[in-house]
Structures are given as structure tokens and as C-alpha cells.
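Each chain is listed here by its residues.
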Amino acid sequence: MMRKFVDKKFSDSVGKGEISFKLQVNDLPVSSYLYIKPGSDRLFVCLNGALDRGRTTSLTYHRYSWHPLFPGSVLYIADPTLFKYEDLSLAWYVGDKYTPIDGFLRDFVLAVAENLGVSRKRIVTYGSSGGGFAALQLGAGIEDGVAVCINPQTNIMKYVEKDRDGFLLRCFSAGAEDFSVVNGNSRFNAIKRLGDSDVRVLYVQNETDTFHVKNHFEPFVSVLGVSGWKKTFTIDQENTSRVQVLWYSHESGHAAEPKESVPDIMKALDLMMAR
């Protein structure tokens, strides 16, 4: 069904450089937008972090204007969960207790990649903060590509309590008595999910984002045994670990990566994908 839907959208859009996708997964609306770059062998999948509900709607694509910076076709996907729960600003592309969304997103991305002639190894999931968590999770599902995460959450249970608890209560009717179970569930814990996957990861961390360094980066590298990384914004070409770290210091803290840093992130990605 998914493949037929995507195939038809491509068939109806022959000769066009952009395709809009809108469909429904149970009661979760899915909106996505694709910029096609003919001749490219890569697909970048851009995922949102938290929305500013005072300024934006659920139909928002972060880094929408940045697509010229990515050396490949770019697929933007809005978080389906946030269309249903408009009182939430962040839902990590998890779905809810009725509809897990990760399997659908994986199949959707793979169908788009196949229509573009892009192999799994050339799919790059990309996002920061909550979008970084989603990039890790989706990348783990695709398995063969690369997940680029910028200042991500790696375990939802280690996020700001107010936002975490509101999400768990609204989407899963989960209270404090359920937290120990949720904490060990790979649906909410990317560290656990990555332990069962061989996906390559480019982890980009701002050292001034001290909350995420302590609660998300440090547990990630500790539990997964990531070693040999250095506090530099270039990767060590002799380090062949599947997890590479780009470390930077910028006054923006937890904000998205500076736009001017994207070319260097792409250079690091090139090195990883060449191995």
C-alpha cells in the first residue's frame, strides 16, 4: 500500500522538482515535502525539533530553506503526532499508544529512496534536539544509512520533566508509576535502540549545551562504548568507529547548529560515507 502510494505520487509528478505527500496513518496525519536533486545519489531526511506553538503550526518543516546546503535530495517530514495533540510542542516522532509511527516512517522513506534510485546506505536522517532523537531512531530502523544528530535527546526520560511528563500523559496515559518501564523501552530510549542496530552516527554536540552534554551525550558514549573521539569539529580519519563526534563551542547553547557549520558537517559525512 505504501509503495503504491509513493509510486503514484512520483508518476503524477514526472518532470517536477518537488513533491508534496499527504496521507493518514490511523488518526495521525502525515505531511511531507520532497526537493528532488536530479543526479544525486543521496537522500537527506530532515526531522523537526520542538515547535514554537505561538509562532508555527504542526505543518512546519525545520531547515526548509536550507535544502540548497544538502548535497542530495531532501525529504522534510512533519511530526504526525503533533497534528493530533496540538497542546504539545514536542513528541519525538513516537506516535501514541494507538499508533506507533516509526515503522510507517521507515517504509515511507525507503519507498521515496527507491523511486529516487538511492540505496539505503546513502540515506541520511538529520535533525537536532527532538529531531536528533528521531533521526537516531529512524536511522536505526533503516539500519544501513547514517544518522546525523545535533544536540539530541538520546533518552526521552532524561528530558525536561514538564515536557516529558506532558507527552507521556497525553500520548500514553503514563504516570510516574510507569516511568521505570518506559525508561527501558527502546521506543523512548535511543541508546537502547542503537545498541541493537549497526547504523552509523554523526553526533554533533555544542559544549555550551551543558544539560544535553550531561544527560544525553555522556550516557550515549558511555553505554555504547564510544571511544577515540576528540573535542574538535573534524573527525579523526583514523578512527573507524561507526559513531563519530563533532564537538563545537557556540554561545547558542541548545539552539540548532549554526547555518555556517553545515558545510563542515557535510565534509565529515562525506568521510563517513566513503568508508
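In this report, the structure presented in the accompanying data block is examined.

Conventions used here
- Residues numbered from 1 in each chain as written.
- Predicted model: local features only at pLDDT ≥ 70, side-chain atom pairs only at ≥ 80, totals over all residues.
- Heavy atoms only, no water.
- Helix = DSSP H or I, 4+ residues; strand = E, 2+ residues; numbered from the N terminus.
- Rg over C-alpha atoms; globule rule 2.2 N^0.38 Å.
- Contact = heavy atoms within 4.5 Å.
- Areas by Shrake-Rupley, 256 points an atom, 1.4 Å probe, with all protein chains shown as cover.
- Lys, Arg positive; Asp, Glu negative; His and termini not counted.
- Charge placed at Lys NZ, Arg CZ, Asp CG, Glu CD.
- Phe/Tyr/Trp six-rings, centres within 6.5 Å; stacked < 30°, edge-to-face > 60°.
- Buried < 20%, exposed > 50% of the residue type's maximum accessible area, 1.4 Å probe, protein only.
- 1 Å grid on protein atoms, 1.4 Å probe; cavity = no way out; pocket = protein on both sides within 12 Å on 5 of 7 lines; lining within 4 Å.
- Points joined across faces, edges and corners; volume = space filled by probe spheres on them.
- Nonpolar A, V, L, I, M, F, W, Y, C, P; charged D, E, K, R; others polar.

It is worth spelling out the overall build of the protein chain at this point. Along the protein chain, the regular secondary structure elements total 9 helices and 8 strands. On C-alpha atoms alone, the protein chain measures out to a radius of gyration of 18 Å, which is about the 19 Å that the 2.2 N^0.38 rule sets for 275 residues. In terms of its C-alpha atoms, the protein chain occupies a principal-axis envelope of roughly 50 × 45 × 35 Å. The long-range share in the protein chain, meaning contacts at least 24 apart out of those at least 6 apart in sequence, stands at 68%. Total accessible area on the protein chain stands at roughly 11,900 Å², and carbon and sulfur atoms take up 50% of it. Charge centroids of the protein chain, computed over 32 positive and 32 negative side chains, lie 4 Å from each other.

When we look at a pair of aromatic rings, we describe it by the centre distance and by the angle of the planes. All chains considered together, the criterion is met by 23 aromatic pairs. Taken together, a centroid distance of 5.1 Å and an interplanar angle of 65° make the contact between tryptophan 92 and phenylalanine 167 edge-to-face. Remark: phenylalanine 167 occurs in helix α5 (residues 161-172) and tryptophan 92 occurs in the loop between α2 (81-84) and α3 (102-116); sequence separation between them is 75 residues. Relative accessible area serves as the criterion here: at 2%, tryptophan 92 is assigned to the buried category.

A few words on unusual backbone geometry. Of note in this structure, asparagine 26 is not a glycine but carries a positive phi near 55°. In this fold, asparagine 26 is placed in the loop between β1 (18-25) and β2 (28-35). With a phi angle near 55°, serine 129 is a residue other than glycine that sits in the positive phi range. Along the polypeptide, serine 129 turns up in the loop between β5 (123-128) and α4 (130-142). Overall, serine 129 belongs to the buried group, its relative accessible area being 9%.

Space inside the largest pocket adds up to approximately 160 Å³. Together, Gly49, Ala50, His62, Arg63, Trp66, Ser128, Ser129, Tyr159, His254, Ala255 and Ala256 line the largest pocket. Considered class by class, the residues forming the lining of the largest pocket number 5 nonpolar, 5 polar and 1 charged.

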